[in-house]
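A look at the structure
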Amino acid sequence: VEAKIDAAAPIGTGTAILLVLMGLIMTTARGIAPSQEAQPLLIGGVGVVLALLVDIILLSPTTSPGVWVVLMAIPFALTMYGVVEGVKRCAQNELIRVVFPPLVLIVAVLGSILGGITNPTPAAALGAGGAI
């Protein structure tokens, strides 16, 4: 058990995925509306950096989920402040609203097949359900 704990990654996989997606939303929002106020997005960026630091310094593989939630509450609140503003800015852009949903559907269907999660028949059901 000690060997597995010592070999664990410094950042949790789920945390890293969430922070990358939130960062992408905020950077896209900044690119869509560069003339709008940057402060909410910067606060969200500070939340991302703070969440990474908390994950690297304070969290370990033996940390319980309750402690994880308590330690990550403030960084994720800051990050969500920026993400909410980013989603509002992205929603104002016609191209994002029209192109993004079908693109996500295509990536989900092809990604599930190519990633080995499912075969083409359930992927087709995923695509049909997503299109409805």
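Residues numbered from 1 in each chain as written. Predicted model: local features only at pLDDT ≥ 70, side-chain atom pairs only at ≥ 80, totals over all residues. Heavy atoms only, no water.

**Thoughts on the packing of aromatic side chains**
One pass over the full model with this rule turns up 1 aromatic pair. When the centroid spacing of 5.8 Å and the interplanar angle of 40° are considered together, the rings of W68 and F76 count as tilted. By relative accessible area, W68 is classed as partly exposed at 29%. Classification of F76 as buried rests on a relative accessible area of 14%. (Phe/Tyr/Trp six-rings, centres within 6.5 Å; stacked < 30°, edge-to-face > 60°. Buried < 20%, exposed > 50% of the residue type's maximum accessible area, 1.4 Å probe, protein only.)

**Observations regarding the packing of helix α2 (residues 13–32) against helix α4 (residues 65–91)**
Helix-helix packing is characterised by the crossing angle of the two axes and by the distance between the axes. Packing of α2 against α4 leaves a shortest axis separation of 8 Å and a crossing angle of 30°. Between α2 and α4, the interaxial angle falls into the category roughly parallel. The way α2 lies across α4 gives a crossing that is left-handed. On the side of α2, the interface is formed by T15, L18, L19, M22, I25, M26, T28, A29 and I32, while α4 contributes W68, M72, F76, T79, M80, G82, V83, G86, V87, R89 and C90. When grouped by side-chain class, the residues that make up the contact of α2 with α4 number 14 nonpolar, 5 polar and 1 charged. (Axes fitted to C-alpha atoms, helices over the stretch in contact; angles between N-to-C directions. Helix = DSSP H or I, 4+ residues; strand = E, 2+ residues; numbered from the N terminus. Parallel < 35°, antiparallel > 145°, perpendicular 65-115°, else oblique. Left-handed = near helix turned anticlockwise from the far one by under 90°. Contact = heavy atoms within 4.5 Å. Nonpolar A, V, L, I, M, F, W, Y, C, P; charged D, E, K, R; others polar.)

**What about the packing of helix α5 (residues 94–114) against helix α6 (residues 120–131)?**
Between α5 and α6, the least distance of the axes is 9 Å, while the angle of their chain directions is 165°. Looking at the two axes, α5 sits roughly antiparallel to α6. Judged by the twist between their axes, the crossing of α5 over α6 is right-handed. In contact with L105, A108, V109, S112 and I113 of α5, α6 contributes P120, A123, L126, G127, G130 and A131. Its residues assigned to classes, the contact of α5 with α6 comprises 8 nonpolar, 3 polar and no charged.

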